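Examination of the molecular architecture
One letter stands for each residue in the lines below.
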Amino acid sequence: MAEKASADVGLIGLAVMGQNLALNMADHGFKVAVFNRTTRVMKEFIAANPDTPGGLVGCENLSELVAAAKKPRKIVILVKAGPAVDTVTKQLIEAGAEKDDLIVDCGNSQWTDTIRREKEFSDRCRFFGSGVSGGETGARFGPSLMPGGAADAWKHLEPIWNAIAAKVDAETGKPIETAKPGRPVKGGVPCSAYIGENGAGHYVKMVHNGIEYIDMQLISEAYFLLRNLLHVEPEELSQIFARWNEGDLDSYLIEITADILKQRDPDHPDAFLVDYVLDTAQQKGTGKWTSINALDMGIPANSIAEAVFARCLSALKVEREAASQHLIGPEYQYNGDRNELVNAVHDALYCSKICAYAQGFQLMRAAETEYKWKLDLASIASIWRGGCIIRARFLQRITAAYARDPQLVNLLLDPYFKEQIQRNQTRWRSVVALAAQAGIAAPAFMSALAYHDGYRSAQLPANLLQAQRDYFGAHTYERIDQPRGVSFHLDWSKPDRRQIKITDSH
Ligand code: 6PG
């Protein structure tokens, strides 16, 4: 039974993420009032966790939860993203939540919904949207947290968010050892920072996921190239990834890849499980949202989009199987040095990864203008160093890059990353060329290289493209010998070929 206004925080939604976040908060000494739509789940949860440092208070309805929480109330909601978030927020308000209370949506909500909700509920409560990354283990022992909402309300949530977030070493940026039940990590810098107004937190979480998509796709392509060119067993690849995890590529995703590749199939102990996993990728939509947003804002996040399309292509399993009988690729046998290929794929992965992050950070830069936010890119990189799915050693480098130059136009222009790509690009190119020669699909490697080469080109073929547009649709073109904004049209197919100066839009 709920006690009167003694809980530091309320939490709604006791699926795995909700349970784990509640236990994480309780481990840090916060008293957590919990509610779940199915009361049995709440009761089982309370019964299974009788002795947490902060304590759990079970609530059978939302009025009890509201009554149990200290003011200003901090109520975390972990329900399915979408209409359920609106419903629960309205129900909380009906149950007595007040104008100063913070309602914090921790699901993977679309940032535009969070912008709308923050506005819609502004005279009834203070609506926050917080990105939470790290999966179930992260939620339990230290996620990366990306909160967005009213700046003046953040101070109420900050102590809780700082306490439960993953921690990294202040100097090196390396994650500090994982917490244990009832024993939270002491010291370190929390992977949580106020991101900005209204939907900024959910936006940044979405970009995190877009980067997650391309990071995973690049690693999968590296695996696939080595597997098919060197004909090695997954176990040997596991050792290669484990070795890579000790250098520049050190990251959670490389670490779990090494672990995945060495695991035997429970049903066929002589074989590896990865070989029995069906090659059709699913998706819940955050990568797609990132790509749509990139298209809407006109930002070339082509590798992120490519990673989404790679999943779509993988899902066409039946079609691909049929096509494989008809569409014949090259006969190719790799006869080069094996170690050289492994090192080349390593470098291609690192260079491509830099491009992927450059695209994600470009998106956030553009979103500042689009949504009138002030995003601290160094701080965002710093809270991705631990806890989240894309945590990686090289995020320390990205943090340093944006700390050195907060106005950095593109990550590729940072001296460290510029030097890395300059040093490794020959091998990167050789891997892309090899993939093309061997007929092995490597869309992420290829699109990252195309991004890099396009971005560094002062001249692109868009001159011809503009001429074509003007030819068939009188869409006009600008000239290199005229000021920007001055447009021209030519009657390309008419005998007199008259060029007309159209407008000066500046
Ligand atoms: C995280 C993950 C998490 C979830 C993805 C999976 O940061 O903890 O990104 O949010 O695992 O949304 O997304 P897909 O199902 O689309 O791969």
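Residues numbered from 1 in each chain as written. Predicted model: local features only at pLDDT ≥ 70, side-chain atom pairs only at ≥ 80, totals over all residues. Heavy atoms only, no water.

Attention shifts here to the sheet that holds strand 6 (residues 126–133). Pairing in this open sheet of 7 strands is mixed, and the strands run 3-2-1-4-5-6-7 from one edge to the other. Single-partner strands in this sheet number two, and they are strand 3 (56–59) and strand 7 (144–148). Across the sheet, the axes of successive neighbouring strands diverge by a mean angle of 25 degrees, strand direction being ignored. In the sheet, strand 1 (residues 9–12) pairs with strand 2 (residues 32–35) via 4 bridges, with the strands oriented parallel. By the bridge assignment for strand 2, I12 is matched with F35. Against the sheet, helix 4 (residues 83–94) touches strand 1, strand 4 (74–77), strand 5 (102–105) and strand 6, its axis set at about 155 degrees to strand 4. (Pairing = 2+ DSSP bridges. Helix = DSSP H or I, 4+ residues; strand = E, 2+ residues; numbered from the N terminus. Axes fitted to C-alpha atoms, helices over the stretch in contact; angles between N-to-C directions. Contact = heavy atoms within 4.5 Å.)

Around the ligand lies a shell of 14 residues, among which S133, K205, E212, Y213 and K284 are the nearest. Between the ligand and the protein, one listed contact pairs an oxygen atom with a side-chain N or O atom of E212 at 2.6 Å. Within the complex, 80% of the 420 Å² of free accessible area of the ligand lies under protein. Along the lines of polarity and charge, the residues of the shell around the ligand split into 2 nonpolar, 8 polar and 4 charged. (Near = heavy atom within 4 Å. Polar contact = N/O pair within 3.5 Å; in protein donor to acceptor, adjacent residues only side chain to side chain. Areas by Shrake-Rupley, 256 points an atom, 1.4 Å probe, with all protein chains shown as cover. Nonpolar A, V, L, I, M, F, W, Y, C, P; charged D, E, K, R; others polar.)

This part takes up the environment of L465. Relative to the helices and strands, L465 is located in helix 19 (residues 462–473). For L465, a relative accessible area of 45% puts it in the partly exposed group. Note: C-alpha distance between L465 and A441 (24 residues apart in sequence) is 28 Å. (Buried < 20%, exposed > 50% of the residue type's maximum accessible area, 1.4 Å probe, protein only.)

The next point concerns the domain arrangement of the chain. It is common to give the size of an interface as the accessible area that goes away when the parts come together. Splitting the chain by domain gives domain 1 (9–198), domain 2 (203–455) and domain 3 (462–504). Its C-alpha centre places domain 1 at a distance of 31 Å from the equivalent point of domain 2. Listed as interface residues are 29 residues of domain 1 and, on the opposing side, 24 residues of domain 2. When the area that domain 1 buries against domain 2 is broken down by residue, the three leading residues are N108, W111 and I195, summing to 32%. For the interface between domain 1 and domain 2, the tally reads 0 salt bridges. The interface formed by domain 1 and domain 2 contains 9 residue pairs in polar contact (both at pLDDT 80 or more). At the level of secondary structure, the elements contributing two or more residues to the side of domain 1 that touches domain 2 comprise helix 5 (111–120), strand 6, strand 7 and strand 9 (189–190). In the side of domain 1 that touches domain 2, the residues fall into 14 nonpolar, 13 polar and 2 charged. (Domains from an automatic or database assignment. Buried area = accessible area lost by both parts, 1.4 Å probe. Salt bridge = Lys/Arg side-chain N within 4 Å of Asp/Glu carboxyl O.)

Attention now goes to the packing of aromatic side chains. Per the stated rule, a full pass over the model turns up 18 aromatic pairs. Centre to centre, the rings of Y203 and W373 are 5.4 Å apart; their planes meet at 55 degrees, and the pair counts as tilted. In this pair, Y203 is assigned in helix 8 (residues 200–230) and W373 in the loop between helix 14 (338–371) and helix 15 (377–383), connecting sequence segments 170 residues apart. W373 shares its class with Y203; the two are buried. (Phe/Tyr/Trp six-rings, centres within 6.5 Å; stacked < 30°, edge-to-face > 60°.)

Counted according to the given criterion, the structure contains 31 salt bridges. Two residues, R116 and E120, come together in a salt bridge whose shortest N-O distance is 3.0 Å. Of this pair, R116 and E120 both sit in helix 5, 4 residues apart, which is roughly one turn of that helix. R498 is paired through a salt bridge with D496; the nearest N and O atoms lie 3.9 Å apart.

Now for helix 16 (residues 394–404). Every α-helix carries 3.6 residues per turn, so stepping three or four residues along brings you back to the same face. Turning to helix 16, its buried residues number three or more, namely F394, L395, I398, T399, A401 and Y402. Taken around the axis of helix 16, the buried residues stretch over an arc of 160 degrees, which confines them to a single face. The exposed residues of helix 16 that point more than 90 degrees off its buried face are A403 and R404. The secondary structure elements touched by the buried residues of helix 16 are helix 14, helix 15 and helix 17 (415–438). (Arc of directions from axis to C-beta.)

Further remarks concern the pairing of strand 6. Across the 8 residues that make up strand 6, a large majority, 8, are buried. Neither face of strand 6 is left uncovered, since the one carrying R126, F128, S130 and V132 and the one carrying F127, G129, G131 and S133 both have all their residues buried. With 4 bridges joining them, strand 5 and strand 6 adopt parallel strand pairing. Paired with I103 across the strands is F127, a residue of strand 6. Crossover connection from strand 5 via helix 5 to parallel strand 6: handedness right-handed. Inspection of the sheet shows strand 6 paired to strand 7 by 5 bridges, in the antiparallel sense. Looking at the pairing, V132 lines up with L145 of strand 7. (Right-handed = clockwise from strand over helix to strand, strands pointing away.)

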